[in-house]
Amino acid sequence: MSSPDRVRLERSGDGARADLRISIPPLNVLGAEDLAALARQVELSREARVLVIMGLPRAFSAGVDVADHVPEPARIERMLGAMRGLLEALIETPAITLAAISGACLGGGAEIVAACDLSLAAEDARIGFPEIRLACFPPGAAALLPGRIGEARAAEWILSGRISSGRAAAEAGFVSRAVGAARLSEETDRLAARLLGMAGEGLSAARDLMRAGRREALATRLPLAEDAYRRLAGNEQLARAVQEFRRPR
């Protein structure tokens, strides 16, 4: 069960900026309830002009709870629905969305970033989609990643499960920019302030144009990816991979 302490929304005095913080020590592993709570908080931030999403120093988010990858149809359906709801909320909110990434940003955590308008990453952040190692794949990334970094690079990231540094992710075009870890908060504040200083109507028009590809991907590619993921519900390889992953080492 998610709680307000795990997902917190804070607003500036004038309400123009909202900060959405994921705080689930140690690595911000997200259950379906946490994804739903994040979506609700995004909805509550609709009056803000800029929404900054951040995690803990060790992890923006290490992804969705491995338990939610267990090949049980009901559990998989809850996870798919919760992630879809969050991605749609991020793309439909009027606020400009800015992710500030430190530490691990993996799987579902990186899918959240893929739905955001802008993102800053610490140079030493670890970003990627390792789900293939569990004999599955990230549906949200399968939908959104090709439009963000191109089909060829998206295929490499998803099919190999590679983990990139924040600097490499910026070079690939997955994040907007990489900065030194000690400067991440300062640079996030600087970019948020710059956005708040822009003319509102022009910013809104540009925001909608830049989101067009993500909206189309969620409408057309995500249902196909979800159907493919559902077919894994009876996959013995997935069950064995999850069991092996959870085995004490």
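So, how was this worked out
Residues numbered from 1 in each chain as written. Predicted model: local features only at pLDDT ≥ 70, side-chain atom pairs only at ≥ 80, totals over all residues. Heavy atoms only, no water. Pairing = 2+ DSSP bridges. Helix = DSSP H or I, 4+ residues; strand = E, 2+ residues; numbered from the N terminus. Axes fitted to C-alpha atoms, helices over the stretch in contact; angles between N-to-C directions. Polar contact = N/O pair within 3.5 Å; in protein donor to acceptor, adjacent residues only side chain to side chain. Contact = heavy atoms within 4.5 Å. Salt bridge = Lys/Arg side-chain N within 4 Å of Asp/Glu carboxyl O. Buried < 20%, exposed > 50% of the residue type's maximum accessible area, 1.4 Å probe, protein only. Parallel < 35°, antiparallel > 145°, perpendicular 65-115°, else oblique. Phe/Tyr/Trp six-rings, centres within 6.5 Å; stacked < 30°, edge-to-face > 60°.

### Brief notes about the sheet that holds strand β2 (residues 17-22)
Part 1 of the argument: Sheet architecture is open: six strands sit in the order β1-β2-β4-β7-β9-β12, paired in mixed fashion. Two strands in the sheet have a free side with no partner beyond their single neighbour: β1 (7-11) and β12 (177-179). Neighbour-to-neighbour, the strand axes of the sheet open up by a mean angle of 20°, direction not taken into account.
Part 2 of the argument: Bridge count for β2 against strand β4 (residues 50-54) is five bridges, and the pairing is parallel. If you follow Arg21 over to β4, its bridge partner there is Met54.

### Re the side chain of Asp117
Part 1 of the argument: Examined against the element boundaries, Asp117 turns out to sit in the loop between α3 (108-115) and β9 (118-122).
Part 2 of the argument: Reaching out from Asp117, the side chain makes a polar contact with the side chain of Arg211 at a distance of 2.7 Å.
Part 3 of the argument: Beyond its immediate stretch of four places on either side in the chain, Asp117 contacts Ala95, Ile96, Thr97, Arg207, Arg211 and Arg214.

### Let's talk about the pattern of salt bridges
Part 1 of the argument: Per the counting criterion, the structure on display carries 19 salt bridges.
Part 2 of the argument: Note that Glu77 and Arg230 form a salt bridge whose closest N and O atoms lie 2.8 Å from each other. Of this pair, Glu77 sits in helix α2 (residues 73-92) while Arg230 sits in helix α8 (residues 200-230); the two residues are 153 residues apart in sequence, bridging distant segments of the chain.
Part 3 of the argument: According to the relative accessible area criterion, Arg230 is partly exposed, its value standing at 27%.

### Description of the packing of α2 against α8
Part 1 of the argument: Across the interface, α2 lies against α8 with an axial gap of 11 Å and an inter-helix angle of 175°. As judged from the angle between their axes, α2 and α8 are roughly antiparallel. Residue-level contacts link Ile76, Glu77, Met79, Leu80, Arg84, Leu87, Glu88, Leu90, Ile91 and Glu92 of α2 to Arg211, Arg214, Arg215, Leu218, Leu222, Glu226, Tyr229 and Arg230 of α8.

### Here we look at the packing of aromatic side chains
Part 1 of the argument: Counting across every chain of the model gives four aromatic pairs.
Part 2 of the argument: Ring plane angle 90° and centroid distance 6.1 Å describe the contact between Phe129 and Phe174, whose orientation is recorded as edge-to-face. On the criterion of sequence distance, the pair formed by Phe129 in the loop between β10 (126-128) and α4 (139-149) and Phe174 in the loop between α6 (166-172) and β12 is long-range, its members being 45 residues apart. Both residues of the pair, Phe129 and Phe174, count as buried.
Part 3 of the argument: Between Trp157 and Phe174, the ring centres sit 5.5 Å apart and the planes meet at 50°, which makes this aromatic pair tilted. Here the residue Trp157 occupies a position in helix α5 (residues 151-160), and Phe174 occupies one in the loop between α6 and β12, the gap between them amounting to 17 residues.
Part 4 of the argument: Phe174 gets classed as buried once you look at its relative accessible area, which sits at 0%.
Part 5 of the argument: Put simply, the rings of Phe129, Trp157 and Phe174 touch in pairs and so form one group of aromatic residues.

### Things to note about the pairing of β1
Part 1 of the argument: Relative to β2, β1 runs antiparallel, the two sharing five bridges. Paired with Leu9 across the bridge in β2 is Leu20.
Part 2 of the argument: Taking the residues between adjacent antiparallel strands as the criterion, β1 and β2 are bridged by five residues, where Gly15 takes a positive phi near 80°.

### Notes on the pairing of β4
Part 1 of the argument: With respect to burial, β4 is a largely interior element, five of its five residues being buried.
Part 2 of the argument: Burial of the side chains of β4 extends over both faces: Val50, Val52 and Met54 are buried on one face and Leu51 and Ile53 on the other.
Part 3 of the argument: In terms of strand pairing, β4 meets strand β7 (residues 96-101) through five bridges, oriented parallel. Looking across to β7, one finds that Val52 is bridged to Leu98.

### Focus on unusual backbone geometry
Part 1 of the argument: Cis geometry marks the peptide bond from Pro25 to Pro26, where omega comes out at 5°.
Part 2 of the argument: Tracing the backbone through its elements, the reader meets Pro26 in the loop between β2 and β3 (29-30).
Part 3 of the argument: One non-glycine residue, Asn28, adopts positive backbone phi at about 55°.
Part 4 of the argument: Structurally, Asn28 can be placed in the loop between β2 and β3.
Part 5 of the argument: Located in the positive-phi region is Ala135, a residue other than glycine, with phi close to 65°.
Part 6 of the argument: Locating Ala135 in the fold gives a position in the loop between β10 and α4.

### Structural notes on the sheet that holds strand β8 (residues 104-106)
Part 1 of the argument: Taken together, four strands build an open sheet; the order of strands is β5-β8-β10-β11 and the sheet is mixed. Each edge of the open sheet is held by one strand with a lone partner, namely β5 (59-61) and β11 (163-165). Strand after strand, the sheet turns through a mean of 20° between neighbouring axes, direction not considered.
Part 2 of the argument: In the sheet, β8 pairs with β10 via three bridges, with the strands oriented parallel. Residue pairing in the sheet places Leu106 in a bridge with Gly128 of β10.
Part 3 of the argument: Contacting β5, β8 and β10, α3 crosses the sheet at an angle of about 80° to β8.

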